[in-house]
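For reference, the chains in residue letters:
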Amino acid sequence: MSKLWEQAIAKVQALPEEDQDALAALLLSVTNADGSAIPLDDRTRMAIREGLAQAERGEFVPDDVVAEADRRHGI
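Presented here is a report on the structure given in the accompanying data block. What you see is a predicted model, and the numbers here were worked out from it, not measured in a lab.

Regarding the overall build of the protein
So, step 1. Helix and strand content of the protein: four helices and zero strands.
So, step 2. Scanning the protein from its N terminus toward the C terminus, one meets helices and strands in the order α-α-α-α.
So, step 3. Along the first, second and third principal axes, the C-alpha atoms of the protein reach 45 × 35 × 20 Å.
So, step 4. Put simply, the protein has 75 residues, and 0% of those count as buried.

Structural data, given as structure tokens:
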């Protein structure tokens, strides 16, 4: 086991069990080689590609719109 991995494990072990479970699920999904952890249908894939294309073109939601949405959701 690498030193960095040991450090990461030690930090995770100090977290509450709920946080440990969330990190474990994340790690398992990232290391799942076949990509089945998060199945995506064609519509979702298209939406993701369009969002990435919009970002590349610099098409972002204005800050005031995001701030208002955050206020509505208590963020």
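From this point, the discussion proceeds with the structure in view.
Examining helix α3 (residues 42–56)
So, step 1. Spanning 15 residues, α3 covers 21 Å between terminal C-alpha atoms, matching the ideal 21 Å at 1.5 Å per step.
So, step 2. Gly 58 occupies a position one or two residues after α3 and carries a positive phi of about 80°.

Things to note about the environment of Val 66
So, step 1. Secondary-structure assignment places Val 66 in helix α4 (residues 63–72).
So, step 2. In this structure, the C-alpha to C-alpha distance between Val 66 and Met 1, residues 65 residues apart in sequence, is 43 Å.

Describing the pattern of salt bridges
So, step 1. Within this structure, the stated rule accounts for three salt bridges.
So, step 2. With a shortest N-O distance of 3.1 Å, Glu 68 and Arg 71 are connected by a salt bridge. With Glu 68 and Arg 71 both in helix α4, this residue pair falls three residues apart, about one helical turn.
So, step 3. Given the relative accessible area of 34%, Glu 68 is considered partly exposed.

Calculation rules
- By convention here, each chain's residues receive numbers from 1 onward along its written sequence.
- Restriction of local features to residues with pLDDT of at least 70 applies here, the model being predicted, together with a cutoff of 80 or more for giving and counting side-chain atom pairs; totals for whole chains, interfaces and linings are based on all residues.
- Side-chain figures throughout are based on the complete set of non-hydrogen atoms in the structure, without hydrogens or water.
- What counts as a helix is a DSSP run of H or I of at least four residues, what counts as a strand is a run of E of at least two, and both are numbered from the N terminus.
- Buried means the residue's accessible area, taken with a 1.4 Å probe over protein chains only, is under 20% of the maximum for its type, while exposed means over 50%, and partly exposed covers the values in between.
- Multiplying one less than the number of residues by 1.5 Å gives the expected span of a helix.
- Each reported salt bridge corresponds to a side-chain nitrogen of Lys or Arg within 4 Å of a carboxyl oxygen of Asp or Glu.

Read these as layout, nothing more, since geometry by itself doesn't imply function.
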